[in-house]
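# Fold and geometry: a report
Here's the letter readout for the chains.
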Amino acid sequence: TQLLEQSPQFLSIQEGENLTVYCNSSSVFSSLQWYRQEPGEGPVLLVTVVTGGEVKKLKRLTFQFGDARKDSSLHITAAQPGDTGLYLCAESSYGQNFVFGPGTRLSVLP
Amino acid sequence: EPEVTQTPSHQVTQMGQEVILRCVPISNHLYFYWYRQILGQKVEFLVSFYNNEISEKSEIFDDQFSVERPDGSNFTLKIRSTKLEDSAMYFCASSEPLWGTNYEQYFGPGTRLTVT
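Residues numbered from 1 in each chain as written. Chains lettered and ligands numbered in written order. Predicted model: local features only at pLDDT ≥ 70, side-chain atom pairs only at ≥ 80, totals over all residues. Heavy atoms only, no water.

### Let's talk about the overall build of chain A
Helices and strands together make up the secondary structure of chain A, namely 0 helices and 11 strands. Mapped from its N terminus to its C terminus, chain A presents α and β elements in the order β-β-β-β-β-β-β-β-β-β-β. Relative to the globule expectation of 13 Å for 110 residues, the C-alpha radius of gyration of chain A, 13 Å, shows essentially globular dimensions. Across the 110 residues that make up chain A, the buried fraction comes to 49%. Once local pairs closer than 6 in sequence are excluded, the contacts in chain A between residues at least 24 apart make up 52%. About 5,100 Å² of surface is accessible on chain A, with carbon and sulfur atoms providing 51% of the total. (Helix = DSSP H or I, 4+ residues; strand = E, 2+ residues; numbered from the N terminus. Rg over C-alpha atoms; globule rule 2.2 N^0.38 Å. Buried < 20%, exposed > 50% of the residue type's maximum accessible area, 1.4 Å probe, protein only. Contact = heavy atoms within 4.5 Å. Areas by Shrake-Rupley, 256 points an atom, 1.4 Å probe, with all protein chains shown as cover.)

Below is the structure:
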């Protein structure tokens, strides 16, 4: 079973700052999903990355998939309090079993 | 926009009782999943379901658990003889293949199960 690591575990920053969080695995991802989860709610899909070296942008969020498809990063520009939440990466094995990382808990202070 | 729905939002039950958690996946999705998340811990895979049968299950999904798609829209998780440690958020999800082996998964809002 693939294990995903995420870093940092916790991150607290001021509004307007930039940040990057990471997702790593010892194995190659077939594809990787990033989710955001708020307390008491289900994870919300942000993006799927598939191709090594791929970069996807979603407004102020930039997702990058490592060339070797064993790591991924999420960069947020000019963070806002609304970005506060738990950021999860997940990988699936042919859609049968999605393995989640432990998450990075982000707090953006106004 | 289509979404996964779950009922009830909160279920309180006594230890030893049986509970059924209900989900309505997105209508054109073919794969269905249950996950649980104990407070403060990571999201844990329980089971995946495709073509009216379990396709994969985790070690957590033992004989205490069962899943069913009783009709064309509902997907249920039954937990028999509940234990205190079954208290958690239970999330249903559904997905369809994007292309090849790549899937995107959409989650419901969850059912908070409290076993007393």
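Alright, that's what it looks like, and here's the rest.
### Description of the pattern of salt bridges
All names here are of chain A. All chains considered together, the criterion is met by 4 salt bridges over all chains. When the shortest N-O distance is used, the salt bridge between glutamate 54 and lysine 56 registers 3.7 Å. Residue classification places glutamate 54 among the buried positions, given a relative accessible area of 18%. Residue aspartate 83 pairs with arginine 60 through a salt bridge whose shortest N-O separation is 2.9 Å. With aspartate 83 in the loop between strand E8 (71-76) and strand E9 (85-92) and arginine 60 in the loop between strand E6 (55-58) and strand E7 (61-65), this pair connects stretches of sequence that are 23 residues apart. (Salt bridge = Lys/Arg side-chain N within 4 Å of Asp/Glu carboxyl O.)

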